[in-house]
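# Residue-level structure breakdown
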Amino acid sequence: MVDQAYVKKIKAQLHQAGFKLTPQREATVVSLLQNETGHLSAEEVYLLVKESTPDIGLATVYRTLEILTELNIVNKVSFTDGLIRYDLRREGAQHHFHHHLQCLQCGKIQEVYEDLLHDVERLVEQQYHFQVQDHKLTFQGICADCQRRNREAKAKQE
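Residues numbered from 1 in each chain as written. Predicted model: local features only at pLDDT ≥ 70, side-chain atom pairs only at ≥ 80, totals over all residues. Heavy atoms only, no water.

Bringing the pattern of salt bridges into the picture now. Following the criterion strictly, the structure yields 5 salt bridges and no others. Arg85 serves as the salt-bridge partner of Glu44, at 3.0 Å between the closest nitrogen and oxygen. In this pair, Glu44 is assigned in helix α3 (residues 42-52) and Arg85 in strand β3 (residues 84-88), connecting sequence segments 41 residues apart. Residue class for Glu44 comes out partly exposed when judged on its relative accessible area of 32%. (Salt bridge = Lys/Arg side-chain N within 4 Å of Asp/Glu carboxyl O. Helix = DSSP H or I, 4+ residues; strand = E, 2+ residues; numbered from the N terminus. Buried < 20%, exposed > 50% of the residue type's maximum accessible area, 1.4 Å probe, protein only.)

Right under this line is the structure:
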C-alpha cells in the first residue's frame, strides 16, 4: 500500500519547483514507494511503471528520476554492478540518511538506517574546512546467508 500522504508531499515539492505531478510522474513515484528497498535502476523502474501506465516511455522515466534527484526526493546510488540505482530519501533527511551493506557474493543489498558518519562529517569540516552537503556509504563484504552457505559447502567437502 502506498503512503498517499507522502505522494502529496512529493506533489507539493514538485509544484513548488515548478513541476506538475503528471500521471506518468505519479506512477514513477508510486513504483519507487512500492519498491522502496529495491534500489531499482531506471530500466527496472520503467518496467514497473509500464505495468500500470502502458503508454509511458523510458525517456519519461529517466527525466522524472532526474527531476526527483534534483529535488532531493531520491538519491542516485552506484554499486559495483555499474548501474545507477535510485533510492528514496526518508522524509526530513538533510542528506543521505541510510547506508548500504552489499554482499559481493550474491549481490544482496541491505540497508542500515543510521547516520554513521556524523562525527566524520564534523571532523572533515573542522580539519579540512570543507562544508559537507551529503555522503553515501556502502560496506562491501559477505552477507550472513552467504557465510552460512559457504560454511555448509566447506563442511560437505571435508
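A separate point is the sheet that holds β3. Spatial ordering of the open sheet is given by β1-β3-β2, a layout of 3 strands whose pairing is antiparallel. The outermost strands of the open sheet, each flanked by one partner alone, are β1 (40-41) and β2 (74-78). Across 5 bridges, β2 lies against β3 in antiparallel orientation. Note on β3: the bridge partner recorded for Val74 is Leu88. Packing of helix α4 (residues 58-70) onto the sheet brings it into contact with β2 and β3, and relative to β2 it is tilted by some 105°. (Pairing = 2+ DSSP bridges. Contact = heavy atoms within 4.5 Å. Axes fitted to C-alpha atoms, helices over the stretch in contact; angles between N-to-C directions.)

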